[in-house]
Amino acid sequence: MKLENAKRFTSVHQSLTFSRRMAIAAGAQTAVGALLIGRLGWLAVAENQHYQLLAESNRVQLIIVPPRRGWIVDRNGKPIAINRSDFRVDLIPDQLENPEQTLRALRELMGLDAEEVDRILRELKAAHGYRPVQVAENVPFDKYAAVTVRLPELPGVNPMRGFSRFYPGGPAVGHLVGYVGAASAEEYEKEKNPLLITPGFKIGKEGLEQTLEQRLRGIPGGQRVELTARGKLVRELEPKPDRSGAAVQLAIDAELQEYAARRIGEESGSCVIIDCWTGDILAMVSMPAYDPNSFSDGIGRTEWKMLSEDPRQPLRNKVLNSLYPPGSTIKPMGALALQLHGVDPKERVFCPGGYRLGNRFFRCLGRHGSVDMHRAIAKSCNTYFYAMGHRIGYDKIAPMARKLGLGQKFGLPVVSQSYGTVPDSAWKAQKFKNNRRVVERPDWTASDTLNASIGQGFLIVNPLQLAVMAGRIASGRDIQPGLVGVRKNAAPPIGLEPKHLETVRGGMWEVVNGDGTAGASRLQIPGVEMCGKTGTAQVRKIVGSQRGQSGDWKYRDHGLFVFFAPFDNPRYAGAVVIEHGLGGARAAAPVAKDVLTFLFDRPKALASLAALEEQWGGSLAERNERRANAVKAAAAAKIA
Amino acid sequence: MISSAIIPQPLARLPWRLIFLVLGIASIGILTLYSAAGGAIRPWALKQGITILFFLTVAIGMSWTSESTIKQVAFPMYAVVLVMLIIVEAVGFVGKGAQRWIDLGIIRLQPSEFMKLAIVLVLARFYELLPAGDIRKWRAIWPAVALIGVPAALIILQPDLGTALMITFIGVTVMFVAGVPLRVFMIPGAAVAVAIPVVYQLLHGYQRRRIDTFLDPESDPLGAGYHITQSKIAIGSGGVFGKGYLNGSQSHLDYLPEGHTDFVFATMVEEWGLFGGTLLILAFAFVIRWGMRVSINAKTRFAQLAAAGLSATIFFYVSINLLMVMGLAPVVGVPLPLVSFGGSAVMTIMLCLGILMALERQQRTTSRLV
């Protein structure tokens, strides 16, 4: 490349060029200098307030003091969930001088296992600054004292008094109140509340603890501090006190709840008792249940595995989330529908042991001869309900089922409710469109009616609905089940003919107090008579003579029982379902009898329970502790 | 400047105006370092003071060097520094993720620092030797480009983008004042604009991140953008007169990273405000102006070009650092000379000033005191 050389370039030119270029360079430098001063002025004057705010928010930090969680108490003020003061030990990462040595000392002093040390190391790596990392909570006093004494040699170790949730009822209230636990990453993402990741702070994870979270949580306090970027405390500014969460009163009667839980014993089942005037749920028990206390301390993998693999499903709230064919328990409801549509309760149907529909024979449980409505309920005669149901058609029965609460989703503060199905022809047509696996043909057939009339077939309900049904029949009031708060006023009438209700209640009286199906479960309390209706729900289809009355536990029929008491002035109603209990009269009604006895005569109820618990090998608390020890042993065996 | 008969001649002949400016800037730096250490002379302020006094003495000592000596060492010095750069590259000491030092046991030599001086001297010497008529010829350009390009490439490999850029800028400035045709700057300028996306792809991850976050610091306020964000907060929150000496929360609570080295300006301005910042910028402006005067008044072409180049070195040091600290340039790791803690930058600047003082002494046949 040759650059142009128009004229000779002399040293004179050179010095001229130099001066010119130097002027340009000086000008450029001055311009940059002006830019720098201008920028400085812009940042320091025009944007001053903005940056001052940012500097201040850098300087002052709020260390969250978690609020105490509100208590949950029962209708009499008895505690269901409280806070127990406990000891905890945290590590402040920034103040740790020699993490390994400190951890080794702590491990020795507190007897931490390898799994724990692992977790602490992991959390220490992720944490930084002033945000504490939990070593252990619920520390026994002797270990806490041991750490406190050696504190001068353990910089960064922070022993504190904290609070842990305690459920005096243990498993009895497990499904009802749920449990608390440290917030998960997703929960924090959703709320973005720094309180959630404060060590020792727990949120409701299930049941009422979860649904009442905002009422129970309270307002965190704060210690305003000046912190360095690495979280070192420089000085403390004035603190802001925390406000404990509000106490929440439930409709539940804690003692009744606990009694019912104990009474179900080793069975897999549920029991609901409601006040049939107000709708207050006095007890809502699902057994077997997990112990919320052990969940609140953080549950081990072994325990979780054992719970989730248990065929009796301790993790499932059977009151709300298990659906059963109601079996004969809905016959009183059917009887109300029949009367509403003009069937005379005096009209008699002959039961030869079944009912013939075309070329199919629908079986009854016995040969009841000539029965009227009263007797049909007492004896649980299928033939009567086949015949009458067929006469009026199921589309006229279904509205009554819904009116009494079947298929209804209640306005309760619960995490989930399975509300089942009350079938009719419209439902079947719709289902045929959506899900042909359940429904084979679109039209409602007479045999569908027959099956539904005795509580089988498409009809499925949950135990709470059964209890509400019993309560509405008992009081004739449109009760809505309530869990929170104690109601004073009776619910409004449901709008059924009192005479119709009386007929049905009479039949239910006969079931227990006459020569009905549950005669063995008569209350032994003078002046208090229980009325009820048994039910047996098939778990699998009847094959030949196999009726689900024998064989494998998991194929046995469910036993159901709905009831109310006292007969002359109904106050309490409820439902008991014992899974695979073979029959309502055999498995469910005795539970109902004892639970109702507890409401009227506690010593008597406790005496009969004591006898039973002796057979089962100890009280619920004792068996629960044994189970916990077994879990611990299994976990230890796995680690070893 | 200082008119007193009792002051001995050699002392009176020193450029006192410059020395006072330098001492003023250094004092601001030492005060800031004292504050950055939370009000303590350790670990920075004392050491910095000693370093500055030592190198200032060296610089003043250098002022008696004759121009011909400087001319003679230009090429050998360049060659030695270049060899040292290659050694660093070959057996370089790994520290801070970058290979920049030669560890001599007692002292760690950072050859790229010396290259800032060497490039100025070697280019000044080269253009002095070049006949005036050849300045528009190809042979006026390619040797200079090679003299700049080789060390710049070696330094980029270290990798030290900030120093490589500075050496390029300094060299180009010398070429510019030497009178190389304007087209020579325009065409590569356009080429660079085109090449930026390509170079961007070749940069190290951390270098690329610095550029990304320079363009949008808030995109990553806790990561790489943290430096710029916190620095702007420190400067902006200082206001007109600052938060008061020893009261800067950003630096004292460690929110400002590198508050005693690259971001020392932010530490200073947080406490002294716009007022203090402007004062410091003006002090540097006077130092650079003094250097530019030396260049303009120089009698020889070598002195002209060398003085201009050395002034440019100081200018680029200060302006790149301040642009970076105030969020106008990516974070490239150039310290603020005489203020930031660290010996290398002090040494480079003092050597620059020493040579400038030597050149200035040659211009004066007699003392100004007479």
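None of these values were measured; they are calculated from a predicted model. (Residues numbered from 1 in each chain as written. Chains lettered and ligands numbered in written order. Predicted model: local features only at pLDDT ≥ 70, side-chain atom pairs only at ≥ 80, totals over all residues. Heavy atoms only, no water.)

(A) Expanded view of a nonpolar patch on the surface. On the surface, Val45(A), Val240(B), Phe241(B), Phe275(B) and Leu279(B) cluster together into a nonpolar patch covering about 490 Å² of accessible area. When you line up the elements, Val240(B) lands in the loop between helix H10 (226-238) and helix H11 (249-252). (Patch = residues over 30% accessible without salt bridge, like charges linked within 9 Å, V, L, I, M, F, W, Y side chains within 5 Å. Areas by Shrake-Rupley, 256 points an atom, 1.4 Å probe, with all protein chains shown as cover. Salt bridge = Lys/Arg side-chain N within 4 Å of Asp/Glu carboxyl O. Helix = DSSP H or I, 4+ residues; strand = E, 2+ residues; numbered from the N terminus.)

(B) Representation of the confidence of the model for chain A. Chain-level statistics for chain A give a pLDDT mean of 85 and a share of 94% at 70 or above. pLDDT under 50 marks residues 1-6 of chain A. Its contacts with residues more than four places away, or in other chains, come to 10 contacts. (pLDDT = per-residue confidence, 0-100. Contact = heavy atoms within 4.5 Å.)

(C) The packing of aromatic side chains, seen in detail. As enumerated under the stated definition, the model contains 23 aromatic pairs over all chains in all. Seen in terms of ring centroids, Phe176(B) and Phe185(B) are 5.6 Å apart; in terms of plane orientation they differ by 70°. Their pairing is edge-to-face. No difference in accessibility class separates Phe176(B) from Phe185(B), as the two residues are buried. Arranged with centres 5.6 Å apart and planes meeting at 35°, the rings of Tyr245(B) and Trp272(B) form a pair that is tilted. Of this pair, Tyr245(B) sits in the loop between H10 and H11 while Trp272(B) sits in helix H12 (residues 264-297); the two residues are 27 residues apart in sequence, bridging distant segments of the chain. Residue classification places Tyr245(B) among the partly exposed positions, given a relative accessible area of 26%. For Trp272(B), a relative accessible area of 32% translates into the label partly exposed. Over the ring of Phe176(B) we find Arg21(A); its NZ or CZ atom is 4.8 Å from the centre of that ring. (Phe/Tyr/Trp six-rings, centres within 6.5 Å; stacked < 30°, edge-to-face > 60°. Buried < 20%, exposed > 50% of the residue type's maximum accessible area, 1.4 Å probe, protein only. Lys NZ or Arg CZ within 6 Å of the ring centre and 35° of its normal.)

(D) The environment of Glu502(A), seen in detail. Here Glu502(A) is to be found in helix H21 (residues 498-513). Distance from Glu502(A) to Gly476(A), taken between C-alpha atoms, is 9.7 Å for residues 26 residues apart in sequence.

(E) Quick peek at the sheet that holds strand S18 (residues 558-565) of chain A. All names here are of chain A. Strands sit in the order S12-S11-S19-S18-S17 across an open sheet of 5 strands; the sheet is antiparallel. Two strands in the sheet have a free side with no partner beyond their single neighbour: strand S12 (281-287) and strand S17 (531-537). Recorded for the sheet is a direction-independent mean angle of 10° between the axes of neighbouring strands. Pairing between strand S11 (residues 269-275) and S12: 6 bridges, direction antiparallel. Paired with glycine 269 across the strands is methionine 287, a residue of S12. Strand contacts of H21: S17 and S18, with the helix running at about 75° to S17, the strand carrying the most contacts. (Pairing = 2+ DSSP bridges. Axes fitted to C-alpha atoms, helices over the stretch in contact; angles between N-to-C directions.)

(F) Quick look at unusual backbone geometry. Of the consecutive residues Ala565(A) and Pro566(A), the connecting peptide bond is found in the cis state with omega at -10°. With respect to the element layout, Pro566(A) can be found in the loop between S18 and strand S19 (572-578). Geometrically, the link from Arg42(B) to Pro43(B) is a cis peptide bond, its omega value of 0° lying close to zero. For Pro43(B), the position within the fold is in the loop between helix H2 (16-36) and helix H3 (45-62). One non-glycine residue, Ser380(A), lies in positive phi territory at about 55°. If you trace the backbone, Ser380(A) turns up in the loop between helix H15 (373-379) and helix H16 (382-392). Exposure remark for Ser380(A): the relative accessible area of 3% places this residue in the buried category.

(G) Spotlight on the packing of helix H14 (residues 331-340) of chain A against helix H17 (residues 394-403) of chain A. All names here are of chain A. Running from amino to carboxyl end, H14 crosses H17 at an angle of 125°, the nearest separation of the two axes being 9 Å. Taken together, the axis directions place H14 and H17 in an arrangement best described as oblique. Classified by chirality, the crossing of H17 by H14 is right-handed. Contact with H14, carried on its side by Met333, Leu336, Ala337 and Leu340, involves Lys396, Ile397, Met400 and Ala401 of H17 and no other residues of that element. Grouping the constituent residues of the contact of H14 with H17 by class yields 7 nonpolar, no polar and 1 charged. (Parallel < 35°, antiparallel > 145°, perpendicular 65-115°, else oblique. Left-handed = near helix turned anticlockwise from the far one by under 90°. Nonpolar A, V, L, I, M, F, W, Y, C, P; charged D, E, K, R; others polar.)

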